[in-house]
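Observations on the three-dimensional arrangement
Each chain, letter by letter, is given below.
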Amino acid sequence: MDWDNARIFLAIYREGTLRAAAGQLGIDQATVGRRLNALEDSLGARLFLRTPSGYLATPAGELAVNAAQAMEAAALQFQREMQGIDNRLSGVVRVTTSDTMAAHFVVDAMRRLHQAHPEIRIVLSTGTEITSLTRREADLAVRTLKPTSPDLISRHLVRRSMGLYAAPSYLAMRGMPQSGVGLAGHDIVVYQESVAPRHRDKICREPVTNARVAIEVNSGLMLLDAARKGMGVAELPCHMADDDPLLVRVWPDRVDHYDVWLVMHSDLSRSARVRAAANAIIASFPPA
């Protein structure tokens, strides 16, 4: 079976439409449709039901998923192992992290990497989703969660502090919050539950049972911006907010912490360009 056809089948299964699968694969929608039809003809089985809401796997399609994923895993392992012995300081390195860590640390690290090794091309993606390193969605990740997969290796970069902050205009209007009352009478700016489930109950160890949620965001930079604009009290990294003239620290003695990790697949740890990128990121994180 042609691996390219299996790859297209998996993309449709994961994305649900030909258009989304084409976008993921970087090919046109018509090609995806033709390759799916050819695959179904060669197998003599219908793999998807075409519905108005998208493509739904048939029983045959569900049965094919495991086999296609095994093919994918083997192809990706082959690719990682070949790249792992690549000693060239050139080519593409894919890095993923959050927007705040990119803005404050990672982009500067990539600038230094480019100066030292201009033939390395960096593809930087930011977001709060956990990108799959096993499926080669990225080569390196800078995360606040330590991975548990045995295929991934991690290095602790730094432990950071978090505090509560609000805009001077907000505090002038609403007053300084009182500790121990669940932020009664105050608005808060929080992450969406899918990003930070703990914000549903607490921010910086303070219960939010009596607070009013003004806005939920899925981006650290949007959290910072909403707090700056006076929308409410927010939990923010101290290194980012302490020197911000648009913010005031609420309860300076109240601190929480988080850890930052550099993560890569073990197969890529010997790749020269990946190692160079990893070293640049490590150097960009000063001690807490």
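Looking at an unreviewed UniProt entry, one finds the chain named LysR family transcriptional regulator, with Duganella zoogloeoides as its source organism. What UniProt records for the chain under Sequence similarities (unreviewed entry) is the sentence "Belongs to the LysR transcriptional regulatory family."

Some points on the packing of aromatic side chains
Counting across every chain of the model gives 4 aromatic pairs. Taken together, Phe-9, Tyr-13, Phe-48 and Tyr-55 form an aromatic cluster joined through their ring pairs.

Here's the deal with the pattern of salt bridges
Following the criterion strictly, the structure yields 14 salt bridges and no others. One salt bridge in this structure joins Glu-40 and Arg-46, with 3.5 Å as the shortest N-O distance. Exposure remark for Glu-40: the relative accessible area of 5% places this residue in the buried category. Where Arg-254 meets Glu-206, a salt bridge forms, and the shortest distance between an N and an O atom there is 3.0 Å. One end of the pair, Arg-254, is in the loop between strand 12 (248–250) and strand 13 (256–265); the other, Glu-206, is in strand 9 (residues 206–207), with 48 residues separating them in the sequence.

Conventions we followed
Residues numbered from 1 in each chain as written. Predicted model: local features only at pLDDT ≥ 70, side-chain atom pairs only at ≥ 80, totals over all residues. Heavy atoms only, no water. UniProt positions renumbered as here; feature names shortened; annotations may be inferred. Phe/Tyr/Trp six-rings, centres within 6.5 Å; stacked < 30°, edge-to-face > 60°. Salt bridge = Lys/Arg side-chain N within 4 Å of Asp/Glu carboxyl O. Buried < 20%, exposed > 50% of the residue type's maximum accessible area, 1.4 Å probe, protein only. Helix = DSSP H or I, 4+ residues; strand = E, 2+ residues; numbered from the N terminus.

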